[in-house]
Amino acid sequence: MKHLDTDYGPSVVRTSELGTIYLNVQPHSLTISQELQATFAFDGEGRPLSCFLDGRNYRFGLSGAVLLKTTHPDGKLRRILDPAEAEALAATVHARATRIANAIMHGRSPALRAWLERVVAWDRTRRAEACQAFAATYSPISIVPPDHYQAVVIQATEGCSWNQCSFCSFYRDRAFRIKSPAALQEHIVQVKALLGRGLALRRSIFLGDANALIVPQARLRELLAVVNAAFPPTATGGPRGIYAFLDIFGGEIKQVADYVELKQDGIQRIYLGLETGDEEVFRMLNKPGSPAECVEVVQRIKAAGINVGVILLAGVGGVGFAERHLSSSLTTLQAMNLSQGDLVYISPLIPPATSDYARQMQGVQPLDTAAMQAQLAALRSGALTASNAQARVALYHIEEWLY
Ligand SMILES: C[S@@+](CC[C@H](N)C(=O)[O-])C[C@H]1O[C@@H](n2cnc3c(N)ncnc32)[C@H](O)[C@@H]1O
Ligand code: SF4
């Protein structure tokens, strides 16, 4: 039997009671698997991150929410569990992990024993406390780009300054607000307390919420200084680089020189929802600006040496606009001169039932599954060509977001 006194990595422990247990100790995460049938991953606090149980994959959010991902004959199924299901699953994971931890504890290194003890201590009470701490720290974090699902979210602002796009219901329930530097500092103290050792697993900083970069330049730089002071680069992991959304309404105001300053302040990539390159569809969506203005903003951002993430909505405009949406979107992407480090995300439209979009589109034939798949494929391959294979192109499934 391998003793984990000093070394990280995988090891195997055979027990008479629970069969073979596989451990994988990484600097900031611990994975425990029983007979490779049930697998549980934890952060440094002993808080569950994910599990594979009864053929299903689950991800645990800091908020207490749990996302189920499984394959279904019709395709992948993604669903946020209802609170009772989430609590029952968390209790099962805790009970199973506790049994395993107790069975293998003897003979482990002091550091690993302490970690297993933290897993055991993450019980119902601890979970409830963590959920309360989350609610006191954050206002709801509606969405971030997929490459920042492992970010630490810092809400320098809350909500969306525009909040009127017809298809988007992410921030309708709250007013936009910009935090003061003092309030941001206090927020970061709470975030760090909430994450504890789990902070080391977070790879980047995502500056919330929907368009944090709309903040006037002087105030934005003050806020970025607070963030940078709170997260100095370390050799032991933790978040690196700052990322944020921008809608082009705010983007019109900042010039190349402003973006150069933001790059100096650590901004690595800015994400913009172009949604469509077709002017008429764009207007129908009630996005601020126009596709042409979006191109200008992207060029300014890129001239400052900051990368962009451009988001397109697949299916928007239904069957009637499908061809125009596809061709104009690809032409618009091409005009952006995307390069290495840039991203194009394609988000299949999920119209909220009560949205302005749903009302507008009454009588418009939505894409059926096959047409949606065809448009997704055409947008994906077209986006790659439009960027001369420089940008990375990926799908953006908004239902997969969980923090
Ligand atoms: C927070 S939003 C946009 C960020 C920024 N405020 C902007 O407008 O550019 C992130 C992305 O989520 C996607 N999104 C919003 N609502 C959606 C919906 N109902 N279905 C699919 N994707 C949606 C859009 O593509 C949007 O650009
Ligand atoms: S798409 Fe962006 S700008 Fe439009 S309402 Fe949603 S978050 Fe705000």
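None of these values were measured; they are calculated from a predicted model.

## Quick notes on the domain arrangement of the protein
Part 1 of the reasoning: Under the domain assignment, the protein is made up of domain 1 (9–127) and domain 2 (138–400).
Part 2 of the reasoning: The centre of domain 1, based on its C-alpha atoms, is set 32 Å off from the matching centre of domain 2.
Part 3 of the reasoning: Listed by partner, the interface residues are 13 residues for domain 1 and 13 residues for domain 2.
Part 4 of the reasoning: Here domain 1 packs against domain 2, burying approximately 1200 Å² in sum over the two surfaces, 51% of which is carbon and sulfur.
Part 5 of the reasoning: The largest contributions to the domain 1 side of the interface with domain 2 come from His-28, Leu-62 and Arg-78, which together make up 47% of the buried area.
Part 6 of the reasoning: For the pair domain 1 and domain 2, the interface holds 3 salt bridges.
Part 7 of the reasoning: A salt bridge links Lys-69 to Glu-400, with the nearest nitrogen and oxygen atoms 3.6 Å apart.

## Brief notes about the site of ligand 2
Part 1 of the reasoning: Around ligand 2, the neighbouring residues are Cys-160, Trp-162, Asn-163, Gln-164, Cys-165, Phe-167, Cys-168, Tyr-171, Ala-210, Asp-247 and Lys-287.
Part 2 of the reasoning: Partitioned by chemical class, the residues of the shell around ligand 2 number 7 nonpolar, 2 polar and 2 charged.

## As for the sheet that holds strand E9 (residues 152–155)
Part 1 of the reasoning: Within the open sheet, the 7 strands sit side by side as E9-E12-E13-E14-E15-E16-E17. Their pairing is parallel. A strand with exactly one partner marks an edge of an open sheet, and here the two such strands are E9 and strand E17 (392–395). When the angles between neighbouring strand axes are averaged without regard to direction, this sheet yields 25 degrees.
Part 2 of the reasoning: With respect to the sheet, helix H5 (residues 217–230) is in contact with E9, strand E12 (205–208), strand E13 (242–245) and strand E14 (267–275), its orientation differing from that of E12 by roughly 145 degrees.

Cut-offs applied
- Residues numbered from 1 in each chain as written.
- Chains lettered and ligands numbered in written order.
- Predicted model: local features only at pLDDT ≥ 70, side-chain atom pairs only at ≥ 80, totals over all residues.
- Heavy atoms only, no water.
- Domains from an automatic or database assignment.
- Contact = heavy atoms within 4.5 Å.
- Buried area = accessible area lost by both parts, 1.4 Å probe.
- Salt bridge = Lys/Arg side-chain N within 4 Å of Asp/Glu carboxyl O.
- Near = heavy atom within 4 Å.
- Nonpolar A, V, L, I, M, F, W, Y, C, P; charged D, E, K, R; others polar.
- Pairing = 2+ DSSP bridges.
- Helix = DSSP H or I, 4+ residues; strand = E, 2+ residues; numbered from the N terminus.
- Axes fitted to C-alpha atoms, helices over the stretch in contact; angles between N-to-C directions.

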